[in-house]
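Examining the three-dimensional arrangement
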Amino acid sequence: EKNSSTQDKTTIIYSVVLPEEAWADGMELSYLTAFVTAEGTELSGKLRSLFPSASFSSGLEIAGPVPVAVFELDNANPENAEAFRKEIDNVLEDIAKNGMSKEVLDSYASSFELSELLVRENSSVGESIITSVGYDAHTFGDVWYYFDYEDQAGNLVSWNEDGSYASLCAKYFGEDAIDEF
């Protein structure tokens, strides 16, 4: 609209295009990228403090030829882009060195498990699930991918304990990895 303010109306997207080999780590990367900005994480608190009018999300985009880690800040200002990217890079670097916060990850895993159980309580459960099943079947060529993904949620904590998240962060988001692309 003419003469309207753009204050707090910008969407900032920080994407990291991953190499083709990242498909092999797709499930772990999907959970990892979703967790980065999850409610209750240190990063979510910091982003709320830095960008009080903004909302944020993250995840793994899988519809293209290679996976892409996407970190999004909505209702922000263009000058917030560098600070947002810096905060994302800092948390990924910290995960590469120390893994994820066990307490927050336990809470996230429990919340995820509960939300998945409640999906089945919805009166339109078929409608809710079939869209995801169809998308995943088309994207991966595997009609069972959605259900395999749900089953893997049981590994959220063990992937942290065995160092998987730390090694994935170092491999795909570390300085050397990003410079390589």
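Remember, predicted model here, so these are calculated numbers, not experimental data.

**Considerations on the packing of helix α1 (residues 26–36) against helix α8 (residues 164–173)**
The contact between α1 and α8 brings their axes to 11 Å, and the two run at 90°. Between α1 and α8, the angle falls in the class roughly perpendicular. Residues Glu28, Leu29, Tyr31, Leu32 and Thr33 of α1 pack against Tyr165, Leu168, Cys169, Tyr172 and Phe173 of α8. Partitioning the contact of α1 with α8 into residue classes produces eight nonpolar, one polar and one charged.

**Re the pairing of strand β3 (residues 68–76)**
With seven of nine residues buried, β3 lies mostly within the body of the structure. As defined by bridge partners, strand β1 (residues 10–17) adjoins β3 across seven bridges and the pair is classed as antiparallel. Residue Thr10 lies in a different strand from β3, and its bridge partner there is Ala76. Two elements, strand β2 (residues 55–61) and β3, share seven bridges in a ladder whose sense is antiparallel. Bridge pairing in β3 places Gly59 opposite Val70. Connecting β2 to the next strand, β3, in antiparallel fashion are six residues.

What counts, and where the lines are drawn
- Residues numbered from 1 in each chain as written.
- Predicted model: local features only at pLDDT ≥ 70, side-chain atom pairs only at ≥ 80, totals over all residues.
- Heavy atoms only, no water.
- Axes fitted to C-alpha atoms, helices over the stretch in contact; angles between N-to-C directions.
- Helix = DSSP H or I, 4+ residues; strand = E, 2+ residues; numbered from the N terminus.
- Parallel < 35°, antiparallel > 145°, perpendicular 65-115°, else oblique.
- Contact = heavy atoms within 4.5 Å.
- Nonpolar A, V, L, I, M, F, W, Y, C, P; charged D, E, K, R; others polar.
- Buried < 20%, exposed > 50% of the residue type's maximum accessible area, 1.4 Å probe, protein only.
- Pairing = 2+ DSSP bridges.

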